[in-house]
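# Architecture and fold: a report
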Amino acid sequence: MLFTLVLTLLLGTSSATAQTEKKECCQQSAIENIMTRTSIRKYKQQPVEDAKIETMLRAAMAAPTAVNRQPWHFVVVTDKEVLNRLAGEGRRGDMLRNAPLAIVVCGNMQKALEGKGQEYWIQDTSAATENLLLAANALGLGAVWTGAYPMEDRYKHTQQVLGMPEHIIPLCTVIIGYPDEQPTPKDKWKPENVSYNAFGNQK
């Protein structure tokens with residue numbers, strides 16, 4: 001009886017310790033993933049697996065959203081011809097032409113709030129985009145956020161190439177692939193960008 005009680009207590013303690021260690025490990029991994037994410041602009045000519053694409057999309061859709069409206073739509077582009085037509089000029093164009101995958105993150109105005117709250121779609125889809133970028137990093141992929149909205153020439157071009165109706169507005173195009181470069185993540189921590197309890201107050 002006493003042996004059973006002692007064993008139960010030991011196992012219980014061991015289990016609790018393991019849970020604590022697992023929690024701390026997961027927290028460290030999450031912070032490390034955030035801190036090591038950086039923009040990747042060169043990619044290997046290796047397709048991104050469907051399972052990884054779905055994982056990124058699931059992560060994106062797990063983002064917070066005002067009143068849970070989820071006013072987003074995602075267009076996955078793997079076809080080289082379509083990527084070339086999306087490309088256009090400049091550095092963004094070069095990246096798209098050389099990438100195996102792009103995911104266009106859009107706002108769906110038919111799902112957005114009405115009135116002044118409609119603009120929350122930008123925050124919602126931005127949160128989804130950051131989740132997507134972090135998921136890509138966690139999966140060993142590289143990605144870069146290239147903006148579209150509110151630059152009308154950019155988002156209208158994307159709408160046209162992808163055959164989107166007017167109520168689907170591209171916020172950005174996330175270009176994704178297996179990294180063919182290893183840039184050092186930037187340390188963006190600046191204490192002067194933080195105030196405590198009132199603007200301008202330092203710790």
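The structure displayed is predicted, hence computed values, not measured ones. (Residues numbered from 1 in each chain as written. Predicted model: local features only at pLDDT ≥ 70, side-chain atom pairs only at ≥ 80, totals over all residues. Heavy atoms only, no water.)

Turning to helix α4 (residues 90-98), a few remarks are in order. Those residues of α4 that fall on the buried side of the exposure criterion are Arg-92, Gly-93, Met-95 and Leu-96. Buried residues of α4 fall within an arc of 165° about the axis and therefore sit on the same side. Its buried side turned inward, α4 meets α3 (80-87), β2 (101-108), β3 (142-147), α6 (152-162) and β4 (168-177). (Buried < 20%, exposed > 50% of the residue type's maximum accessible area, 1.4 Å probe, protein only. Helix = DSSP H or I, 4+ residues; strand = E, 2+ residues; numbered from the N terminus. Arc of directions from axis to C-beta. Contact = heavy atoms within 4.5 Å.)

The buried count for β4 comes to 10 of 10 residues, which makes it a mostly enclosed element. Bridge count between β2 and β4: 8 bridges; the pairing is antiparallel. The residue bridging Leu-101 from the neighbouring strand is Ile-176, located in β4. The pairing of β3 with β4 spans 6 bridges and is antiparallel. Note that in β4 the partner of Val-144 across the bridge is Ile-175. (Pairing = 2+ DSSP bridges.)

We now examine the pattern of salt bridges. Any two side chains of opposite charge can pair, given that their charged atoms come close. Taken as a whole, this structure holds 3 salt bridges when the rule is applied. Close ionic contact of Arg-58 with Glu-54 constitutes a salt bridge, the shortest N to O distance being 2.9 Å. Within this pair, Arg-58 and its partner Glu-54 are both found in helix α2 (residues 50-61), separated by 4 residues, close to a single helical turn. The exposure class of Arg-58 is exposed, given its relative accessible area of 59%. (Salt bridge = Lys/Arg side-chain N within 4 Å of Asp/Glu carboxyl O.)

Here the focus is the confidence of the model for the chain. Predicted confidence across the chain gives a mean pLDDT of 90, with 86% of residues reaching 70 or more. Across residues 1-11, where pLDDT falls below 50, the model places 0 contacts with residues more than four positions away in sequence or in other chains. (pLDDT = per-residue confidence, 0-100.)

Before going further, it helps to spend a moment on the packing of α3 against α6. Where α3 meets α6, the closest approach of the two axes is 9 Å, and the angle between their N-to-C directions is 155°. Between α3 and α6, the crossing angle belongs to the class labelled roughly antiparallel. Seen from above, α3 lies across α6 with right-handed handedness. Residues Val-82, Arg-85 and Leu-86 of α3 lie in contact with α6, whose contacting residues are His-157, Thr-158, Val-161 and Leu-162. Here the contact of α3 with α6 is composed, by residue class, of 4 nonpolar, 2 polar and 1 charged. (Axes fitted to C-alpha atoms, helices over the stretch in contact; angles between N-to-C directions. Parallel < 35°, antiparallel > 145°, perpendicular 65-115°, else oblique. Left-handed = near helix turned anticlockwise from the far one by under 90°. Nonpolar A, V, L, I, M, F, W, Y, C, P; charged D, E, K, R; others polar.)

What follows concerns the packing of aromatic side chains. Applying the stated rule across the entire model yields 3 aromatic pairs. Aromatic side chains Trp-72 and Phe-74 sit 6.3 Å apart centroid to centroid with 45° between the ring planes, which places their arrangement in the tilted category. Summarising the burial analysis for this pair, Trp-72 and Phe-74 share the class buried. Ring centres of Trp-121 and Tyr-149 lie 5.0 Å apart, and the angle between their planes is 65°; on these two criteria the pair is classed as edge-to-face. (Phe/Tyr/Trp six-rings, centres within 6.5 Å; stacked < 30°, edge-to-face > 60°.)

So, on to the sheet that holds β2. Pairing is antiparallel in the open sheet, where 4 strands are placed in the order β1-β2-β4-β3. Two strands in the sheet have a free side with no partner beyond their single neighbour: β1 (72-77) and β3. Pairs of neighbouring strands in the sheet enclose a mean axial angle of 25°, with direction left out of account. Sheet analysis places β1 next to β2, joined by 6 bridges and oriented antiparallel. Within β2, the position partnered with Trp-72 by the bridge is Gly-107.

Below, the discussion takes up the side chain of Thr-129. The topology assignment puts Thr-129 in helix α5 (residues 120-138). Of the residues examined, Thr-129 reaches a relative accessible area of 0% and is grouped as buried. Setting aside residues no more than four positions away along its own chain, Thr-129 makes contact with Val-105, Trp-145, Leu-171, Cys-172 and Val-174.

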